[in-house]
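If you want the building blocks of each chain, they are given just below.
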Amino acid sequence: MTSIDWTLNDVPDLHGQVAVVTGGTRGLGLALTELLRERGATVLTGARNAFGADAALLDLADPVGVERFADWARDRAGDIDLLINNAAISNQPLALTSHGVESQLAVNHLGHVQLTRLLLPAMRDGGRVVTVTSALYPRGSLDLDRLDSAGSPGAAYVRSKLANVLFATELDRRLRESGSTVRSLLAHPGLADTSMHDTYPDEATTQMVRAALADSGRAPRPASVGILYAATTASDTALLYGPGGNLTDPYVEAEELTGPALDSALAAALWQRSAELTGMPAGADALPRTS
């Protein structure tokens, strides 16, 4: 773990830049949207309850809806500097989407894969894709032949966060190979006090997590420090950025990826399978050049 002397006070001026943030109407996504706007960025958001000039409906479980949102964002933004894949569901009862995939994996991973691939052609040189994962990702496991199940709701969530990591690292590798100057980075919010923690399947777990939040949880704004660092400043795409230090004014901590995140064969296989499920091309020439 490496400490970086960077806080929310160090977010650079972002006037003239355009960002797209998923899940930007509440919790962590709302904090990110507000902080980016405070520094001058134009921010377009998508969420299941988003309507307005700079916000549109986005259901990441619905491939048609993802395509509509991508069309709206491209039309509204023109060129895009930053995409933050933030939206997620957690500890939901096991269910299948139209992909035939368990819902948390479909929303947290596949929806963002499709959206990222659709928005890449609109990204400016030097643009960034930041995928928000969880520090719990090393506990995940991924069987590409069993995407319609994952054991418990908690295990399904952690699996989806591992998929986020594998997608982000494979995306960065492919962007570099294609000659693109767009970069793919990873960040996490630590233990953030948001409504995501209201969906545990039993009262005992809910109360246990609420106690942990009261002791060491961060409000959404300070929890976003690692994500904003990745979005605006970080240069090393092989690290995972998150919050460190005190709960109210944290600095950034960076750590090397570990465990299943280092499985390059699994990352490539997940890319292929995700491309099949989302209708995206999968070959080495499938990513647009942006330089």
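Relevant structure appears above.
Here the residue numbering is sequential within each chain, running from 1 through the sequence in written order. Only residues with pLDDT of at least 70 get local features here, since the model is predicted, and only at 80 or more are side-chain atom pairs given and counted; chain-wide, interface and lining totals rely on the full set of residues. Note that the side-chain values use all heavy atoms of the structure and ignore hydrogens as well as water.

1. Some remarks on the overall build of the protein
Then step 1. Note on conventions: DSSP H or I runs of at least 4 residues are helices, E runs of at least 2 residues are strands, and numbering of each starts at the N terminus. Across its full length, the protein holds eight helices and nine strands.
Then step 2. Looking at the protein as a whole, 56% of its 291 residues are labelled buried.
Then step 3. Restricting the contact set of the protein to residue pairs at least 6 apart, pairs at least 24 apart contribute 73%.
Then step 4. Computed by Shrake-Rupley with a 1.4 Å probe, the accessible areas treat only the displayed protein chains as cover when residues are assessed. Surface accessibility of the protein: about 11900 Å² in total, with carbon and sulfur atoms responsible for 49%.
Then step 5. We count Lys and Arg on the positive side and Asp and Glu on the negative side, and we leave His and both chain ends out. In this description, the location of a charge corresponds to atom NZ of lysine, CZ of arginine, CG of aspartate or CD of glutamate. For the protein, the centre of its 23 positive side-chain charges and the centre of its 34 negative side-chain charges are spaced 3 Å apart. Exposed residues in this analysis have more than 50% of their type's maximum accessible area, buried residues have under 20%, and partly exposed residues fall in between, with area computed by a 1.4 Å probe over protein chains only. Throughout, a contact is declared for two residues whenever any of their heavy atoms are within 4.5 Å.

2. Section: the pairing of strand β2 (residues 18-22)
Then step 1. For β2, a buried count of five out of five residues is recorded, marking the element as mostly surrounded by other parts of the structure.
Then step 2. Bridge count between β2 and strand β3 (residues 42-47): five bridges; the pairing is parallel. Bridging from a neighbouring strand, Ala19 pairs with Val43 of β3.
Then step 3. Between the parallel elements β2 and β3, the chain passes through helix α1 (residues 27-38) in a crossover that is right-handed.
Then step 4. When DSSP finds at least two bridges between two strands, those strands are taken to pair. In the sheet, β2 pairs with strand β5 (residues 80-85) via three bridges, with the strands oriented parallel. Classification remark: right-handed applies to a crossover when, strands pointing away from the viewer, the course from the first strand over the helix to the second runs clockwise.

3. Focus on the pattern of salt bridges
Then step 1. Any carboxyl oxygen of Asp or Glu that lies within 4 Å of a side-chain nitrogen of Lys or Arg is treated as forming a salt bridge with it. Taken as a whole and assessed by the stated rule, the structure comprises 13 salt bridges.
Then step 2. Across the pair Arg146 and Asp148 runs a salt bridge, and its minimum N-O distance is 3.6 Å.
Then step 3. Judged by relative accessible area, Asp148 falls into the partly exposed class, the value being 39%.
Then step 4. Of the charged contacts in the structure, one is a salt bridge between Arg173 and Glu170, with a shortest N-O distance of 2.6 Å. Of the two residues, Arg173 and Glu170 are both situated in helix α4 (residues 153-178); the distance of three residues between them amounts to about one turn of the helix.

4. Examining empty space enclosed by the protein
In this approach a probe as big as a water molecule rolls over the atoms, and the regions it shows empty are the leftover space.
Then step 1. Any residue with an atom within 4 Å of a point lines the site, the site being either a cavity, points on a 1 Å grid over the protein atoms alone where a 1.4 Å probe fits but cannot get out, or a pocket, an open set with protein on both sides within 12 Å along at least 5 of 7 lines. Grid points are joined across faces, edges and corners, and a volume is the space filled by probe spheres set on the points. Taken as a whole and assessed by the stated rule, the structure comprises one cavity of 30 Å³ or more.
Then step 2. Together, Leu14, Gln17, Val18, Ala19, Ala41, Asp81, Leu82, Ala231 and Thr232 line the largest cavity.
Then step 3. Mapped by element, the contributors of at least two residues to the lining of the largest cavity are β2, β5 and α7 (225-232).

5. Quick word on α4
Then step 1. Helix span, as expected, comes to 1.5 Å for every residue beyond the first. If you check α4, its first and last C-alpha atoms are 37 Å apart, about what 26 residues at 1.5 Å a residue would give, namely 38 Å.
Then step 2. One or two positions beyond α4, positive phi appears at Gly179, with a value near 90 degrees.

6. Remarks on unusual backbone geometry
Then step 1. The phi dihedral of Asn91 is positive, around 55 degrees, even though this residue is not glycine.
Then step 2. With respect to the helices and strands, the residue Asn91 is situated in the loop between β5 and α3 (103-119).
Then step 3. Accessibility expressed as a relative area gives 10% for Asn91, which makes it buried.

7. Observations regarding the pairing of strand β6 (residues 123-132)
Then step 1. Counting buried positions over the 10 residues of β6 gives seven, a clear majority of the element.
Then step 2. Pairing geometry for β5 and β6, over five bridges, is parallel. Considered in β6, the bridge of Asn85 is made with Thr131.
Then step 3. You can see the chain leave β5, run along α3 and come back into β6, and the turn it takes is right-handed.
Then step 4. As judged from the five bridges shared by β6 and strand β7 (residues 183-187), these two strands associate in the parallel manner. Note that in β7 the partner of Arg128 across the bridge is Arg183.
Then step 5. Regarding topology, α4 serves as the crossover connection from β6 to the parallel β7, and that connection is right-handed.

8. Comments concerning α3
Then step 1. Look at α3: 23 Å from first C-alpha to last across 17 residues, which is about the 24 Å you get at 1.5 Å a residue.
Then step 2. Fitting axes to the seven residues that end at a residue and to the seven that start at it, the angle between those axes gives the bend at that residue. Of all the bends found along α3, the most pronounced is centred on Leu110 and spans about 30 degrees.
Then step 3. A large share of α3 lies buried, amounting to 17 of its 17 residues.
Then step 4. Whenever a nitrogen or oxygen atom comes within 3.5 Å of another N or O atom, the pair is scored as a polar contact, on the condition that within protein one atom can donate a hydrogen and the other can accept it, and that pairs from neighbouring residues in sequence are kept only if both atoms are in side chains. A side-chain oxygen of the first residue of α3 lies 2.8 Å from the backbone nitrogen of Gln104; this N-cap is Glu102.

9. Some points on the environment of Asp59
Then step 1. Take Asp59: it is sitting in the loop between β4 (55-57) and α2 (63-77).
Then step 2. A relative accessible area of 32% means that Asp59 is categorised as partly exposed.
Then step 3. Separated by 46 residues in sequence, Asp59 and Asp13 have C-alpha atoms that sit 31 Å apart.
Then step 4. Those residues in contact with Asp59 that lie beyond four places of it in its chain are Arg48 and Val66.
Then step 5. A polar contact is formed between the side chain of Asp59 and the backbone nitrogen of Ala61, at a distance of 3.0 Å.

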